[in-house]
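# Summary of structural features
Each chain, letter by letter, is given below.
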Amino acid sequence: MPTSDLFRVTPGSSVKLAAIPADGTPGLPDDGDQARTLAEAELIKHRERIIDIQYDLWAEDRRALLIVLQGMDTSGKDGAVRHVFSGVNPQGCRVWSFKKPSEEEADRDFLWRIHQRVPPKGEIGIFNRSHYEDVLVVRVHNLVPEATWRQRYDMINSFESLLMDGHTTILKFFLHISKKEQKERLQARLDNPRKNWKFETGDLEERKHWDEYQRAYEAALEKCSTAAAPWHIIPADRKWYRNWAIAAVVRETLEAMNPKPPSPRGDLSKVRIED
Ligand code: AMP
Ligand code: MG
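Attention here is on the structure that accompanies the text. Just so it is clear, the model here is predicted, and its values are computed rather than measured. (Residues numbered from 1 in each chain as written. Chains lettered and ligands numbered in written order. Predicted model: local features only at pLDDT ≥ 70, side-chain atom pairs only at ≥ 80, totals over all residues. Heavy atoms only, no water.)

## Considerations on the site of ligand 1
Close to ligand 1 lie Phe98, Lys99, Lys100, Pro101, Arg113, Arg129, Glu133, Asp134, Val137, Val138 and Leu143. The contact in question runs from a nitrogen atom of ligand 1 to an N or O atom on the side chain of Arg113, over 3.2 Å. Within the contact set of ligand 1, an oxygen atom lies 2.6 Å away from a side-chain nitrogen or oxygen of Arg129. Taking 500 Å² as the accessible area of ligand 1 by itself, protein coverage stands at 78%. Partitioning the shell around ligand 1 into residue classes produces 5 nonpolar, no polar and 6 charged. (Near = heavy atom within 4 Å. Polar contact = N/O pair within 3.5 Å; in protein donor to acceptor, adjacent residues only side chain to side chain. Areas by Shrake-Rupley, 256 points an atom, 1.4 Å probe, with all protein chains shown as cover. Nonpolar A, V, L, I, M, F, W, Y, C, P; charged D, E, K, R; others polar.)

In structure tokens, the structure reads:
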């Protein structure tokens, strides 16, 4: 069974995040130590394959892979980028982090800034937060009228099908952490001087809206998991599990894309390089 089947949100199904253990390790042995050892060893193998296939994707120059990472503060979006994609050729991979829109961005439609950053042919694009913020933080804080954000699910689905109609494969990951785990990670940002820079008091404000965020995520996962651009719910309380799971799904997806470098220009067997 492909690993992605463990996480994929079946289109049209309903999502109850509370029913999915954030500290689960589906697909790995029940014994925690054994699971971790295996996951860490397999992560290295997954990464090697990702690096190899990215070389071919870049050489082929006909298709792109877009990876969307979403999750609550401290859910491990940055960590996933670091651990899953280290070693990938930076020439063919770009990471974009989406913050509160600038004035210039806020004066346009919500997809304007996103569309400019989708990966061109040959590349992997990683979105650390994305257009989904416009149905998450925007919904939780009523940043636009309800009628406006309600329309956006369909707009997002149309936008994603536009991208796929071109040349882009889309993979979406929701990093599912528990409220308890978030508390520990926020505390670590306070306690560890090297992590102090990550601590934002605003994150404590957002934490107060935990339940509303969970509802907003459920809606996005339900309405925008399509057959072609599925959402994956990744249990993310254990960092090693999160890295293993995302790497496995990315690897499977790249293997299924199976990019091939273009055939040589002319008959190379006849080429002689003079001394
Ligand atoms: P971080 O990912 O920790 O750097 O935080 C980025 C912040 O930008 C988060 O609090 C997001 O909710 C916020 N953000 C991202 N996109 C939007 C958006 N479209 N509207 C409002 N806030 C956003
Ligand atoms: Mg933050």
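## Topic: the sheet that holds strand E4 (residues 168–176)
The strand order across the open sheet built from 5 strands is E2-E3-E1-E4-E5, with neighbouring strands paired in parallel fashion. In this open sheet, the two strands that pair with only one neighbour each are strand E2 (93–97) and strand E5 (231–235). Averaged over all neighbouring strand pairs, the angle between strand axes comes to 20°, with direction disregarded. Here helix H2 (residues 77–85) sits on the sheet in contact with strand E1 (64–71), E2, strand E3 (124–128) and E4, set at roughly 145° to E1. (Pairing = 2+ DSSP bridges. Helix = DSSP H or I, 4+ residues; strand = E, 2+ residues; numbered from the N terminus. Axes fitted to C-alpha atoms, helices over the stretch in contact; angles between N-to-C directions. Contact = heavy atoms within 4.5 Å.)

## Considering the side chain of Gln54
Tracing the sequence through the fold places Gln54 in helix H1 (residues 32–60). At 2.9 Å, the side chain of Gln54 and the backbone nitrogen of Asn89 are in polar contact. Contacts of Gln54, omitting those with residues within four sequence positions, involve Val88, Asn89, Gly92, Cys93 and Ile124.

## Let's talk about unusual backbone geometry
Trans peptide bonds make up most of the peptide bonds, and negative phi angles are found at most residues other than glycine. Its identity is not glycine, yet Thr74 carries a phi of approximately 70°, on the positive side. Mapped onto the elements, Thr74 comes out in the loop between E1 and H2. Given the relative accessible area of 8%, Thr74 is considered buried. A positive phi angle, near 50°, is found at Asn142, a position not held by glycine. Its location among the elements puts Asn142 in the loop between helix H5 (137–140) and helix H6 (146–166). (Buried < 20%, exposed > 50% of the residue type's maximum accessible area, 1.4 Å probe, protein only.)

## Let's talk about the pattern of salt bridges
Applying the stated criterion to the full structure yields 18 salt bridges. With a closest N to O distance of 2.9 Å, Asp73 and Arg129 form a salt bridge. Remark: Arg129 occurs in the loop between E3 and H5 and Asp73 occurs in the loop between E1 and H2; sequence separation between them is 56 residues. On the basis of relative accessibility, which here comes to 15%, the residue Asp73 falls in the buried class. What makes Arg129 partly exposed here is its relative accessible area of 21%. Between Arg150 and Glu146 there is a salt bridge, with the nearest N and O atoms lying 2.7 Å from each other. Pair noted here: Arg150 and Glu146 are both in helix H6, with a separation of 4 residues, about one helical turn. (Salt bridge = Lys/Arg side-chain N within 4 Å of Asp/Glu carboxyl O.)

## Structural notes on the side chain of Thr3
Assignment of secondary structure puts Thr3 in the segment before H1. With sequence-adjacent residues up to four places away left out, Thr3 is seen in contact with Trp244, Ala248 and Glu252.

## Structural notes on the packing of aromatic side chains
Summed over all chains, the structure comprises 6 aromatic pairs. Residues Phe7 and Tyr241 carry aromatic rings whose centres are separated by 6.3 Å and whose planes lie at 75° to one another, so their mutual orientation is edge-to-face. In this pair, Phe7 sits in the segment before H1 while Tyr241 sits in helix H10 (residues 239–257), placing the two residues 234 residues apart along the sequence. Ring plane angle 40° and centroid distance 5.4 Å describe the contact between Tyr241 and Trp244, whose orientation is recorded as tilted. Residue Tyr241 and its partner Trp244 are both found in helix H10; the two are separated by 3 residues, about one turn of the helix. We classify Trp244 as buried; its relative accessible area is 3%. Connected via pairs of aromatic rings, a cluster forms that spans Phe7, Trp240, Tyr241 and Trp244. The lysine or arginine in question, Arg117, covers the ring of Trp96, its NZ or CZ lying 5.2 Å from the ring centre. (Phe/Tyr/Trp six-rings, centres within 6.5 Å; stacked < 30°, edge-to-face > 60°. Lys NZ or Arg CZ within 6 Å of the ring centre and 35° of its normal.)

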